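Single-letter residue listing:
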Amino acid sequence: MSRLQSRFEQLKKDNKTALISYITAGDPEPWVTVPMLHALVEAGADVLELGVPFSDPMADGPVIQKACERALKNKTNIHTVLEMVASFREKDTTTPIVLMGYANPIESMGYQNFAEQAQPAGVDGVLTVDLPPEESDNFLPILKAHNIDTIYLVAPTTTDERMAMIAQHASGFIYYVSIKGVTGSAEIDVSAVAEKLAILRDKTDLPIGVGFGIRDGASAAKVSEIADAVVVGSTLVRCIEENTDNAEVLPELVSELLFDMKRAITARDEQK
Amino acid sequence: MSETTHNTAMPDERGHFGQHGGRFVGETLMEAIYALETAYKQYKNDPEFQAELDKDLADFVGRPSPLYLAENWTKQLAGAQIYLKREDLNHTGAHKVNNTIGQILLAKRMGKKRIIAETGAGQHGVATATVAARLGLECVVYMGAVDVERQAQNVYRMKLLGATVIPVESGSRTLKDALNEALRDWVTNVDNTFYIIGTVAGPHPYPEMVRDFQTIIGREARQQILTATGKLPDALIACIGGGSNAIGLFHPFIGDGGVAMYGVEGGGHGIESGEHAAPLCAGTPGVLHGNRTYLMQDENGEIIETHSISAGLDYPGVGPEHAWLKDIGRANYVSVTDDEALAAFHELTRGEGIIPALESSHALAYAKKLAPTMTADQSIIVNLSGRGDKDIHTVAAIAGIEF
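What you see is a predicted model, and the numbers here were worked out from it, not measured in a lab.

Caption draft 1: Just the overall build of chain A, in detail. Within chain A, the regular secondary structure consists of 12 helices and nine strands. Since a compact globule built from 272 residues should have a radius of gyration of about 19 Å, the 17 Å found for chain A is in line with a globular shape. Principal-axis analysis of the C-alpha atoms places the extent of chain A at approximately 45 × 40 × 35 Å. By the burial criterion, 62% of the 272 residues in chain A qualify as buried. Separation of charge centres in chain A, based on 24 positive and 40 negative side chains, amounts to 4 Å.

Right, dumping it as structure tokens:
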């Protein structure tokens, strides 16, 4: 059983909603990424999404674009990101890590080479924004052979038929993008999301995470009523952006932010 | 694969040209590109759509564009006969309008009220703003902040036409970043917005659709050269940024094995300097902006900044069909430097009384190299893809002249 699968099964047994945090690797400085990941776990992150910086992040809003620019400026790349994961695994062997990013850095490594290095480093899943199931034929079997889950996005524009197709390709969990837009761009409309999730649940037994537009404890708690996992990204990255000159305090700052959301979600879980 | 199958066989039904092309976009846009594909398939063989397109191309764009024998240049270079396909004479001054006029007819039929576009040199932006103004549709054009500065005249033309021009400050602040920002806009406004991509790149069906609209160049040129010389040309030359004017000229000749094809990339300060915009000459395959193709990238798969004197060539990728034509060896891809292009710009201006765009000057510069190696009974068609009025500030600045 994969780390993602066992983590979600345990949460389900405990009647808890997962909290997934996103930060961009190497932002603002490479050394602080692993300490931040540990701090996020301590504050209640159940799954870690780690962004692989890319020069042309087409699906991201300005906050994560700038995070990518800072990380690239500090020489972060797909190879150093895998090193960060390996370093994180020295102290934490249970929290799942999903790499989130764009196809080209992985293409440039080669699918086989990537999987051969990602698996021993301790990567559990891969979410490649611009690699839809249609273009995954050569990648999926390789990831599967290395026990790496493939997380796909479902969007408000995704038709019912496509949802079923995506569900067949996906493993680990499915990531529902709550808004039409880039990361960090708008507020979530929970009732519209609920309608879509109802359809999606008909097509899959996989856990469903919801992200984009979750900014605080209140919106996190609302989403936790309908989703198996709540994904928080731009809010954490904005905090990093505001404190780039104080990297040493960042693990504490981002974990405080995340802890607020964790508390709100836990309170809501207990009312269920 | 037989030569004749080249014309119709590519792309396959998934939008692949060999290993290149495809649909590499985020999930939010997948339905939008399928809807576009369905609409395009429906209308491309619809007689009513074609009749409207043909009428607009004739009466609004001014087609057919002439095929002009550049006698002075031919004499000076003392080799092959040099014919110029005069896309510079189109309304709005470049080949770009052949495509925008087709896409906006599709947008109209799909009921989209809002048009977005990216632009480098500004020619595609102007061509988009023009057709949007004519149909009374809202138009937003994304343009890299560097390009806004070096193509100020085109920015003003777009504004006169009623378009909103948004300078893009992210990344290298050129064409690739304008494309990123246009894609972000499309994700956000996908329900009411039609994205008119200006070149033969992007996710399927754009490379195929834009090519089909641009092949009017090659179809006309084929007839015109047969009328003029009684035979097919020996060589075709066109500049390549994303590659739309080049594929427009090349495509109707792909099955004609005797016709050599030369795509000329922006060599910038020279390939060896690393400061250029020549992914076909010096790049490696990767995924960017919705398709797999040759890219300028570093060893970690990050896109690197390009340089060309010409804003329209300053792009780190290239249309996937060119990538495929390179792989199968059907077309040759070469580069010329900024200095060589600039010299050709001046020579055509003085020698033939035609001021060419700096983009097209790259094709002209390669014609200068190729023509003398050929004989007087041979002919070359050079795609004069645009006029150079927009570039006079750049050229003047190099000469130390300020207006």
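Caption draft 2: Broad picture of the overall build of chain B. In terms of helices and strands, chain B carries 17 helices and 14 strands. Radius of gyration (C-alpha) of chain B: 19 Å, near the 22 Å computed for a compact globule of 403 residues. Taken over the C-alpha atoms alone, chain B extends approximately 55 × 50 × 45 Å along its principal axes. Residue pairs in contact within chain B that sit at least 24 positions apart in sequence constitute 74% of those at least 6 positions apart. As presented, chain B carries roughly 13500 Å² of accessible surface, and 51% of it is formed by carbon and sulfur atoms. Counting 34 positive and 49 negative side-chain charges, chain B places the averaged centre of each group 5 Å from the other.

Caption draft 3: Representation of the interface of chain B and chain A in the model. In this complex, chain B contributes 36 residues to the contact, which on the side of chain A involves 37 residues. Taken together, both faces of the contact between chain B and chain A bury some 2900 Å²; the carbon and sulfur share is 45%. In this assembly, chain B and chain A are joined by five salt bridges. The partner of A:Lys180 in a salt bridge is B:Asp191, and the shortest N-O contact between them spans 2.5 Å. Summed over the shared surface of chain B and chain A, the number is 23 residue pairs in polar contact (both at pLDDT 80 or more). Counting only elements with at least two residues in the side of chain B that touches chain A, the list comes to strand S2 (20-24), helix H2 (27-44), helix H9 (175-188), strand S11 (284-288) and strand S12 (290-295) of chain B. At eight residues, H9(B) tops the list of elements feeding residues into the side of chain B that touches chain A. Tallied by class, residues from the side of chain B that touches chain A come to 11 nonpolar, 13 polar and 12 charged.

Caption draft 4: A look at the sheet that holds strand S1 (residues 16-17) of chain B. All names here are of chain B. On the basis of which strands lie adjacent, the open sheet formed by four strands has the order S1-S2-S12-S11 and antiparallel pairing. Edge strands, defined here as strands with exactly one partner in the open sheet, are S1 and S11. Here S1 pairs with S2 via two bridges, running antiparallel. Looking across to S2, one finds that Phe-17 is bridged to His-20.

Caption draft 5: Spatial organisation of the layout of surface pockets. Residues and elements named next belong to chain A. Estimated volume of the largest pocket: approximately 700 Å³. Lining the largest pocket are 31 residues, with Gln-5, Gly-172, Asp-205, Leu-206 and Pro-207 positioned closest to its centre. The dominant element in the lining of the largest pocket, judged by the number of residues it contributes, is helix H1 (residues 3-13), at six residues.

Caption draft 6: Up close: the pairing of S12(B). Residue and element names in this part refer to chain B. For S12, the buried fraction is high: six of the six residues fall into the buried class. Sheet topology places S2 next to S12; two bridges connect them, and they run antiparallel. Paired with Phe-24 across the bridge in S12 is Gly-290. Relative to S12, S11 runs antiparallel, the two sharing five bridges.

Caption draft 7: Representation of a nonpolar patch on the surface in the model. Residues and elements named next belong to chain B. A grouping of Ile-355, Ile-392, Ile-401 and Phe-403 is seen on the molecular surface, where their side chains present a nonpolar patch of about 390 Å² in accessible area. Within the secondary structure, Ile-401 is located in the segment after helix H17 (392-398). For Ile-401, a relative accessible area of 46% translates into the label partly exposed.

Caption draft 8: Inspection of helix H15 (residues 338-352) of chain B at higher detail. Residue and element names in this part refer to chain B. For H15, which comprises 15 residues, the first-to-last C-alpha distance of 21 Å matches the rise-based estimate of 21 Å (1.5 Å per residue) to within 8%. Listing the buried residues of H15 in full gives Asp-338, Ala-341, Leu-342, Ala-344, Phe-345, Leu-348 and Glu-352. All buried residues of H15 fall inside an arc of 160° around its axis, so they share one side. Seen from the open side of H15, the exposed residues pointing more than 90 degrees away from its buried face are Asp-339 and Arg-350. Once H15 ends, the next one or two residues include Gly-353, with phi positive near 70°.

Caption draft 9: The nonpolar core, seen in detail. One finds A:Tyr175, B:Leu106, B:Trp186 and B:Tyr195 to be the most contacted residues of the largest nonpolar core, which totals 115 residues. Ranked by residue count, the leading element in this core is H2(B), at eight residues. Apart from residues no more than four positions distant in its own chain, B:Leu106 is found in contact with B:Leu36, B:Ala39, B:Tyr40, B:Tyr43, B:Phe49, B:Phe194 and B:Met209. A:Met36, A:Leu131, A:Val230 and A:Met261 belong to the second largest nonpolar core, which has 68 residues in total.

Caption draft 10: How the structure looks around the sheet that holds strand S3 (residues 97-101) of chain A. Residues and elements named next belong to chain A. Pairing in this open sheet of nine strands is parallel, and the strands run S5-S4-S3-S2-S1-S9-S8-S7-S6 from one edge to the other. Where the open sheet ends on each side, the last strands, each with one partner, are strand S5 (149-150) and strand S6 (152-154). Taken together, the four bridges between strand S2 (residues 47-51) and S3 define a ladder with parallel strand orientation. Bridged to Leu-48 within S3 is Ile-97.

Caption draft 11: Main features of the side chain of B:Ser65. Residues and elements named next belong to chain B. Take Ser-65: it is sitting in the loop between helix H3 (47-61) and strand S3 (67-69). You can call Ser-65 buried: its relative accessible area is 2%. Residues within four places of Ser-65 in sequence aside, it is in contact with Lys-85, Arg-86, Glu-87, Asn-90, Glu-220 and Gln-224.

Caption draft 12: Representation of helix H2 (residues 33-43) of chain A. Residue and element names in this part refer to chain A. With respect to burial, H2 is a largely interior element, eight of its 11 residues being buried. All buried positions along H2 are accounted for by Thr-33, Val-34, Met-36, Leu-37, His-38, Ala-39, Leu-40 and Ala-43. Following H2 by one or two positions, Gly-44 adopts a phi angle in the positive range, close to 120°.

What counts and how
- Residues numbered from 1 in each chain as written.
- Chains lettered and ligands numbered in written order.
- Predicted model: local features only at pLDDT ≥ 70, side-chain atom pairs only at ≥ 80, totals over all residues.
- Heavy atoms only, no water.
- Helix = DSSP H or I, 4+ residues; strand = E, 2+ residues; numbered from the N terminus.
- Rg over C-alpha atoms; globule rule 2.2 N^0.38 Å.
- Buried < 20%, exposed > 50% of the residue type's maximum accessible area, 1.4 Å probe, protein only.
- Lys, Arg positive; Asp, Glu negative; His and termini not counted.
- Charge placed at Lys NZ, Arg CZ, Asp CG, Glu CD.
- Contact = heavy atoms within 4.5 Å.
- Areas by Shrake-Rupley, 256 points an atom, 1.4 Å probe, with all protein chains shown as cover.
- Buried area = accessible area lost by both parts, 1.4 Å probe.
- Salt bridge = Lys/Arg side-chain N within 4 Å of Asp/Glu carboxyl O.
- Polar contact = N/O pair within 3.5 Å; in protein donor to acceptor, adjacent residues only side chain to side chain.
- Nonpolar A, V, L, I, M, F, W, Y, C, P; charged D, E, K, R; others polar.
- Pairing = 2+ DSSP bridges.
- 1 Å grid on protein atoms, 1.4 Å probe; cavity = no way out; pocket = protein on both sides within 12 Å on 5 of 7 lines; lining within 4 Å.
- Points joined across faces, edges and corners; volume = space filled by probe spheres on them.
- Patch = residues over 30% accessible without salt bridge, like charges linked within 9 Å, V, L, I, M, F, W, Y side chains within 5 Å.
- Expected span 1.5 Å × (residues − 1).
- Arc of directions from axis to C-beta.
- Core = buried A, V, L, I, M, F, W, Y, C linked by side-chain atoms within 4.5 Å.

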